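Listed here are the chains, written in short residue letters.
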Amino acid sequence: MKNLSKEGIVYLVIDESGKYIDEFRKSYNSLRQFYSGDVTLITNLKVSIDNLNIIKTESSFGDWRTMLLNKPKHLKFSIYEKSIFLDTDTIILDNFSELFKILDHFDFCAATGPMDYNWPRIKGQELVGYLPYNTGVLGYNSSELCQNVIDDWLKFYRDRLDLNLTGNDQTPFLESVFKHKANVCTLPNNYNLRTDFPANLARDKIKILHGRKLNKNFINKVNSNLKVRVVSKNDL
């Protein structure tokens, strides 16, 4: 068994155009304003950045749904006992290291997907109302249970693609969580505010923005008021 570091942040970039590595650099630079700990990038590209661990992997391309296989395929490459995975289209607005403490008590932590209504199939039937998690900000442990969840997440998503079912990789993650009875801490959207959707109800400080086409004005003002508020896509 490999020796693991205690905790760290994990990014994944499988890229053939350069688009996502540029996106990663923006996210990583925002992260480094608030977090001085260990960070690892898993990538098929040749990258050299100070204070960043690089794990090289093979290229695996396809349409956008096929590309989503790369997430569960590579999360097990983490070198940490406790990992926080971040999508490359995240912007960090504050320290969120408290999520590592949550992983002392839960197997995973994630916020729900606000517009993901592809219900999981449990025992062959859709379980309507069981809202999937957004896996763009995902905390997880290195335990055998978590590894098994990730393995079946990959399998269930491959099955979904083979059956040509709608949806992305997030519903299969929930199906695997259910199968293995894993404990997931449901995070408030302060830790994963999805800006691609029409509006979000927010309160207190937003720590992680998640979405593309974010402008500086929006980033600067999203925490200007910490009361309960509506964060609208029209503000982008």
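The coordinates are above.
Calculation notes
- Residues numbered from 1 in each chain as written.
- Predicted model: local features only at pLDDT ≥ 70, side-chain atom pairs only at ≥ 80, totals over all residues.
- Heavy atoms only, no water.
- Helix = DSSP H or I, 4+ residues; strand = E, 2+ residues; numbered from the N terminus.
- Polar contact = N/O pair within 3.5 Å; in protein donor to acceptor, adjacent residues only side chain to side chain.
- Pairing = 2+ DSSP bridges.
- Axes fitted to C-alpha atoms, helices over the stretch in contact; angles between N-to-C directions.
- Contact = heavy atoms within 4.5 Å.
- Core = buried A, V, L, I, M, F, W, Y, C linked by side-chain atoms within 4.5 Å.
- Buried < 20%, exposed > 50% of the residue type's maximum accessible area, 1.4 Å probe, protein only.
- Expected span 1.5 Å × (residues − 1).
- Salt bridge = Lys/Arg side-chain N within 4 Å of Asp/Glu carboxyl O.

Student: Explanation requested: the side chain of Thr-57 in the structure shown.
Tutor: Looking at the element boundaries, Thr-57 is found in the loop between strand E3 (53-56) and helix H2 (64-67). For Thr-57, the side chain forms a polar contact with the side chain of His-74, separated by 2.8 Å.

Student: How should the sheet that holds strand E6 (residues 108-110) be read in this particular structure?
Tutor: The strands that make up a sheet are held in pairs by hydrogen bonds between backbone atoms, and each pair lies either parallel or antiparallel. Taken together, 7 strands build an open sheet; the order of strands is E3-E2-E1-E4-E9-E6-E10 and the sheet is mixed. Edge positions in the sheet fall to E3 and strand E10 (184-186), since each has one partner strand and no second. Recorded for the sheet is a direction-independent mean angle of 20° between the axes of neighbouring strands. Note that strand E4 (residues 80-86) and strand E9 (residues 137-141) share 5 bridges and pair antiparallel.

Student: Can you walk me through the sheet that holds strand E13 (residues 208-210) in this structure?
Tutor: Overall, mixed pairing links the 3 strands, which are arranged E5-E13-E11 in an open sheet. Lying at the two open borders of the sheet, with one neighbouring strand each, are strand E5 (90-92) and strand E11 (193-194). Pairing of E11 with E13 involves 2 bridges; the strand directions are parallel. Note on E13: the bridge partner recorded for Arg-194 is His-210.

Student: Whenever I open this one, the environment of Leu-138 confuses me. Can you help?
Tutor: Relative to the elements of secondary structure, Leu-138 occurs in strand E9. In the structure, Leu-138 is positioned 28 residues away from Thr-166 in sequence and 22 Å away in space, judged by C-alpha atoms. If we skip the residues at most four places from it in the chain, Leu-138 touches Leu-75, Ser-83, Ile-84, Phe-85, Phe-108, Cys-109, Ala-110, Trp-153 and Phe-173.

Student: How should the nonpolar core be read in this particular structure?
Tutor: Note that soluble globular proteins tend to have their nonpolar side chains buried in a common cluster. Grouped together as the largest cluster of nonpolar side chains are 27 residues, with contacts concentrated most on Ile-9, Tyr-11, Phe-24, Leu-86 and Phe-96. Among the secondary structure elements, those contributing two or more residues to this core are strand E1 (5-13), helix H1 (19-31), strand E2 (39-43), E4 and helix H4 (98-102). Here the element with the most residues in this core is H1; it accounts for 4 residues. Formed by 22 residues, the second largest nonpolar core is a distinct cluster that contains Phe-85, Val-149, Trp-153 and Val-177.

Student: Looking at this structure, I do not really get the pairing of E1. What am I missing?
Tutor: Consecutive side chains of a regular strand alternate in pointing toward one face of the sheet and then the other. Strand direction decides the pairing type here: E1 and E4, joined by 5 bridges, are parallel. When the sheet's bridge partners are listed, Glu-7 is paired in E4 with Lys-82. Direction of pairing for E1 relative to E2: parallel, over a ladder of 5 bridges. Each residue of the ladder has a partner; that of Tyr-11, found in E2, is Leu-41.

Student: Sorry, what's going on with H1 here?
Tutor: In an α-helix, one turn spans 3.6 residues; hence positions three or four apart end up facing the same way. Here H1 is 13 residues long and its end C-alpha atoms lie 19 Å apart, about the 18 Å a rise of 1.5 Å per residue gives. For H1, the set of buried residues is Ile-21, Glu-23, Phe-24, Ser-27, Tyr-28, Ser-30 and Leu-31. In this structure, the buried side of H1 is in contact with E1, E2 and E5.

Student: Is there a simple way to think about the pattern of salt bridges in this case?
Tutor: Any two side chains of opposite charge can pair, given that their charged atoms come close. For the coordinates displayed, the defined rule picks out 12 salt bridges. The closest approach of N and O atoms between Glu-175 and Arg-160, which form a salt bridge, is 3.6 Å. Taken together, the positions of Glu-175 in helix H6 (residues 170-180) and Arg-160 in helix H5 (residues 144-162) put the pair 15 residues apart, joining distant regions of the chain.

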